Amino acid sequence: MMMTEIRNSASMRPVRTGVSFDVLVIGSGASGLAAAVSAERAGARVGLATKTTLQACNSAKAQGGIQAAFGDDDSPEIHAEDVMRSSHDTANPRLAEVLTSEAPSAIHWLEELGVEFTRSNGGYRLARCGGASRKRLLQVGDRTGHAITKALRDAYEAGPGTELPHHALVELRPAESGWTATFRRKDEEAVEVFARAIVLAAGGRCYAEAETRGELSTNHPNATGEVTRIALEAGAEARDLDALQYHPNGGAWPDTMQGYSIPETTRAYGAVLLNADGEEFTDSLGPRDAVSQAIFDEVDKGKGVLTPDGRPAVRLDTVRISPEDAEISLPYMLRRYRGAGIDPLAEPIFTYPVLHYQNGGLVIDERAETTLEGVFACGEIAGGTHGRNRMMGNSLLECTVFGRRAGKAAAERATT
Ligand SMILES: Cc1cc2nc3c(=O)[nH]c(=O)nc-3n(C[C@H](O)[C@H](O)[C@H](O)COP(=O)(O)OP(=O)(O)OC[C@H]3O[C@@H](n4cnc5c(N)ncnc54)[C@H](O)[C@@H]3O)c2cc1C
């Protein structure tokens, strides 16, 4: 393909141009990978651009699991009711319905790609997570995000799609019958890429937000949110951008575990939150915002504890988890804590909420299209599916369900 060199008016640096795709996906977390695989399988020529390496993302850090209604007493409708209740009726009911009704088929799709969910008694090992009325959380040990992103990445890498690592999106402009994306490469060169359809899958902004606030965050350093800003500058609409979520159980001690998200499955398997007097002060399996607020309130009332380095905390009584459940569903967490000199099965651990997730984001419809024609969004960058308060385990699900939808719809748009 012909490459020409022009000048980028914004930076006056040389811009290399001339590359084009049917579908250009921005971001290589679970949502971007799902979109790229789907677009390719729908017959599109796909480019997958990402800020640093393909492996660098929040998705791979996800431990707890992914929700889907497989239990005998469960259904997609009950799952959707839980989403609406946890969101305090702020979620878009149509997006919640898509999320929950496609959850079982999304799980089967991931299995076809090689993800092996933990099983017991001939079925999936299901846990009940915060805000859920049924046991619905599937897990791959406690490395669920790692397993999902690896399978998706392997699937994409096995196909003919192009990878553009170390391409940070800096601008998006409408072009004749498509969009032009400008990237800054690792070598500082600017590159322009044309695509008939774009999928924005660049995640949230909690790492940057925590830095600004001087707080801890569970997020990967690439979670800085500039792609949301770029989309807004291009004219996209957003919702609930002010609604950021605290993970109730950030690690508070030892210092090497500060910012680590203690999997919510610890509470699903029996751990409870205790104040300084050893009393349970909240429903440990309540919705995330309620549990985080209860911890903040308990500490404000002077009923918290202090970590050895003087940070506020409460105790998470992980001693109540059975060794069998811990070995099957929390092996990574156990290894991390024991490596740091603390055995969570022998003593309670210190915890305090940490900045974790961007609930809001770009407005999308059921096909994951934003308010900009030909620009799709999926995963944490998109808003509406969880309203102002996401349930645990519904983000990896959203990445898979809406990533697939975005990839397919973008391919249809680009190739018809
Ligand atoms: C520690 C942790 C544990 C979690 N546990 C769970 C869980 O158990 N279950 C669950 O459902 N959810 C969980 N979550 C939430 C969930 O993992 C994320 O919300 C979700 O995976 C986000 O996926 P994504 O594809 O939208 O974004 P990400 O996975 O964050 O990927 C974003 C991608 O965009 C790239 N990018 C960013 N900016 C640019 C740019 N300017 N140009 C190009 N590329 C860019 C990044 O490098 C990255 O590749 C957890 C999150 C964390 C941090």
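Numbers given for residues are sequential positions, taken from 1 along each chain in its written order. Whole-chain, interface and lining totals are the exception, using all residues; otherwise, since this is a predicted model, local features are given only for residues with pLDDT of at least 70 and side-chain atom pairs are given and counted only at 80 or more.

1. What about the packing of helix 1 (residues 30-41) against helix 5 (residues 144-157)?
In the contact formed by helix 1 and helix 5, the axes pass within 9 Å of each other and the chain directions differ by 30°. The angle between helix 1 and helix 5 places the two elements in the roughly parallel class. The handedness of the crossing between helix 1 and helix 5 comes out as left-handed. Contacts between helix 1 and helix 5 pair A30, L33, A34, A36 and V37 from the former with G145, I148, T149, L152, R153, A155 and Y156 from the latter. Residues that form the contact of helix 1 with helix 5 fall into these classes: nine nonpolar, two polar and one charged. Only C-alpha atoms enter the line fits that serve as axes; for helices the fit covers just the stretch in contact. Angles between N-to-C directions range over 0 to 180 degrees. Think of it this way: any DSSP run of H or I at least four residues long counts as a helix, any run of E at least two long counts as a strand, and we number them from the N terminus. Orientation is classified from the angle alone, with under 35 degrees giving roughly parallel, over 145 giving roughly antiparallel, 65 to 115 giving roughly perpendicular, and any other angle giving oblique. Rotating anticlockwise by less than a right angle from the far helix to the near helix defines a left-handed crossing, while the corresponding clockwise rotation defines a right-handed one. Whether two residues are in contact depends on their C-beta atoms, placed from the backbone: they are in contact if these lie within 7 Å. All amino acids are sorted into three groups, where Ala, Val, Leu, Ile, Met, Phe, Trp, Tyr, Cys and Pro are nonpolar, Asp, Glu, Lys and Arg are charged, and the leftover types, Gly among them, are polar.

2. Things to note about the domain arrangement of the protein chain
For interface size, the figure often reported is the accessible area lost on association. Residue ranges for the domains trace back to a domain assignment, done automatically or taken from a database. Here the protein chain is described as being made up of domain 1 (1-243 + 359-416) and domain 2 (247-355). Centre-to-centre, using C-alpha coordinates, domain 1 lies 29 Å away from domain 2. The biggest single contributor to the side of domain 1 that touches domain 2 is helix 6 (residues 206-213), with three residues. Here the side of domain 1 that touches domain 2 is composed, by residue class, of eight nonpolar, 12 polar and six charged.

3. Thoughts on the nonpolar core
A set of buried residues drawn from Ala, Val, Leu, Ile, Met, Phe, Trp, Tyr and Cys, joined through C-beta atoms within 7 Å, is what defines a nonpolar core. The burial criterion counts other C-beta atoms lying within 10 Å of a residue's C-beta, which is placed from the backbone; the residue is buried at 20 or more, exposed at 12 or fewer, and partly exposed between these limits. Among the nonpolar cores identified, the biggest contains 112 residues, and V23, I26, I198, V199, L200, F376 and C378 are the most heavily contacted of them. Among the elements that take part in this core, helix 12 (residues 394-415) stands out by supplying 10 residues, more than any other. In this view, I198 contacts L24, I26, L172, W179, A181, G374, V375 and F376; residues no more than four positions away in its chain are not counted. In this structure, C206, L216, L244 and V354 belong to the second largest nonpolar core, which totals 11 residues.

4. As for the environment of A132
With respect to the secondary-structure elements, A132 resides in the loop between strand 6 (123-124) and strand 7 (137-138). On the basis of neighbour counts, which here come to 27 C-beta atoms within 10 Å, the residue A132 falls in the buried class. For the pair A132 and V83, spaced 49 residues apart in the sequence, the C-alpha separation amounts to 8.2 Å.

5. Re the sheet that holds strand 20 (residues 382-383)
Judged by pairing direction, the sheet is mixed, and its three strands sit side by side in the order 12-18-20 without closing on themselves. The open sheet is flanked by strand 12 (238-239) and strand 20, the only strands paired with a single partner. For strand 12 and strand 18 (residues 361-363), the ladder comprises two bridges, and the chain directions are antiparallel. Residue pairing in the sheet places R239 in a bridge with G361 of strand 18. For two strands to be treated as a pair, DSSP must find no fewer than two bridges joining them.

6. Concerning the packing of helix 4 (residues 103-112) against helix 12
With their axes 10 Å apart at the nearest point, helix 4 and helix 12 run at an angle of 90° to one another. Taken together, the axes of helix 4 and helix 12 are roughly perpendicular relative to one another. Listed contacts from helix 12 to A103, A106 and L110 of helix 4 are L397, T400, V401 and R404. In terms of residue class, the contact of helix 4 with helix 12 is built from five nonpolar, one polar and one charged.

7. Focus on the pairing of strand 17 (residues 349-358)
For strand 17, the buried fraction is high: 10 of the 10 residues fall into the buried class. Inspection of the sheet shows strand 13 (residues 244-251) paired to strand 17 by six bridges, in the antiparallel sense. Bridged to G251 within strand 17 is T351. Taken together, the three bridges between strand 16 (residues 312-317) and strand 17 define a ladder with antiparallel strand orientation. Note on strand 17: the bridge partner recorded for L316 is I349.

8. Structural notes on the pairing of strand 9 (residues 167-175)
Bridge count for strand 9 against strand 10 (residues 178-185) is eight bridges, and the pairing is antiparallel. Across the sheet, R173 pairs through a bridge with T180, a residue of strand 10.

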